[in-house]
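# Reading the structure
Residue-level listing of the chains:
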Amino acid sequence: MEDELSTLFKALGHPIRRQILDILKESPKTTGELDDYFLEVSRYAIMKHLSLLEEGNLIVVRREGKYRRNFLNAVPLQMMHNRWIGKYMESTANSLLNLQAVVENKGGDFRMKATEQEQSRVFKIEQEVLINAPREQVFQALTEQAGDWWEFRLAPKGESSQFTFSPVPGGQFIEKWGENQGAVWGNVYYVNAPEEIRLHGHLGMQGAVNSSYTYRLIEKEGSTLLQLSHHASGIIRENWEQEHSEGWKYLLGTLLKNYVEQNQ
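Figured I'd write up the structure that's included with this text.

Conventions and cut-offs
Residues numbered from 1 in each chain as written. Predicted model: local features only at pLDDT ≥ 70, side-chain atom pairs only at ≥ 80, totals over all residues. Heavy atoms only, no water. Phe/Tyr/Trp six-rings, centres within 6.5 Å; stacked < 30°, edge-to-face > 60°. Helix = DSSP H or I, 4+ residues; strand = E, 2+ residues; numbered from the N terminus. Buried < 20%, exposed > 50% of the residue type's maximum accessible area, 1.4 Å probe, protein only. Salt bridge = Lys/Arg side-chain N within 4 Å of Asp/Glu carboxyl O. Core = buried A, V, L, I, M, F, W, Y, C linked by side-chain atoms within 4.5 Å. Contact = heavy atoms within 4.5 Å.

It is worth spelling out the packing of aromatic side chains at this point. Overall, the coordinates contain twelve aromatic pairs when judged by the stated rule. For the ring pair Phe173 and Trp185, a centre distance of 6.5 Å and an interplane angle of 40 degrees mean the geometry is tilted. In this pair, Phe173 is assigned in strand β6 (residues 172-177) and Trp185 in strand β7 (residues 181-192), connecting sequence segments twelve residues apart. Trp185 carries the same exposure label as Phe173, and that label is buried. Taking the centre distance of 6.1 Å and the plane angle of 85 degrees together, the rings of Tyr215 and Trp248 count as edge-to-face.

Spelled out as structure tokens, the structure:
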């Protein structure tokens, strides 16, 4: 949490970045459109400012062909507000979550009806499952052996795919099929094996979404309590939280648990 706040404060620390957020509060903008607001600033500098805002989770990005459309993500501001001021001004702080980004998406697999709206949302999934196996074995099954039990696939129907998971900082959880096709399910940014591993990954969500998930493993008298935390924010469809909650229960509470306990 402290690391996230440090990144957030860094992102807010320059007047141009704060001005960009003010502009995006009115409506999403492409990088080129934002560049037009700052005639005395180079396009490279604007892109650098946007990169820092994205690192601070203050904007989410949707790529539309060769264009990059930037959306305000007010959720981190809500979290910061709640930490220090929320209990005194709760009704005002909650208004941040009512910001909506309505877009008409015209690209490929992301085609939507003109009447359908997308809204800036946040969800947080917290689950835990007790697995009757040592922590080291559960950690190995979560990572290096994930392809043996992870049932969900992004490969097209009829295509077989393989998973690899490198549990080191900078490692990736990847699904590959065909010659040069595949998808990244997660990018590892923190590891303390066999106690904890954290990843960034869309997990099947499409578009302008920031998503991260964490596995924590706690020893319990020869068994392992596996705790999952999954946070997502951005242009999130209404049913995604329920779908991912049910999906995690099936993956961890059924598939992983059965796999580990049957292979001791």
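From this point, things continue past the structure.
Taken as a whole and assessed by the stated rule, the structure comprises seven salt bridges. With its nearest N and O atoms 3.4 Å apart, the salt bridge here joins Glu54 to Arg68. Here Glu54 is found in helix α4 (residues 43-55), whereas its partner Arg68 is found in strand β3 (residues 67-72), with 14 residues between them in sequence. Exposure remark for Glu54: the relative accessible area of 31% places this residue in the partly exposed category. By relative accessible area, which is 17% here, Arg68 ends up buried. With its nearest N and O atoms 3.7 Å apart, the salt bridge here joins Arg135 to Glu219. With a gap of 84 residues between them, Arg135 in helix α7 (residues 135-142) and Glu219 in strand β9 (residues 209-220) connect regions that are remote in the sequence.

What follows covers the nonpolar core. Counting residues in each nonpolar core, the largest one holds 37 residues, and the members touching the most others are Trp149, Trp150, Tyr215, Trp248 and Leu252. At the level of elements, β4 (119-131), α7, β5 (162-165), β7, β8 (196-200), β9, β10 (223-236) and α8 (240-262) are the ones that each hand at least two residues to this core. No other element matches the eight residues that α8 contributes to this core. Non-local contacts of Tyr215, meaning those with residues more than four positions away in its chain, are made with Leu142, Trp150, Glu195, Glu196, Ile197, Leu199, Leu226, Gln227, Leu228, Trp248 and Leu252. Residues Leu8, Leu12, Leu34 and Ile59 belong to the second largest nonpolar core, which totals 17 residues.

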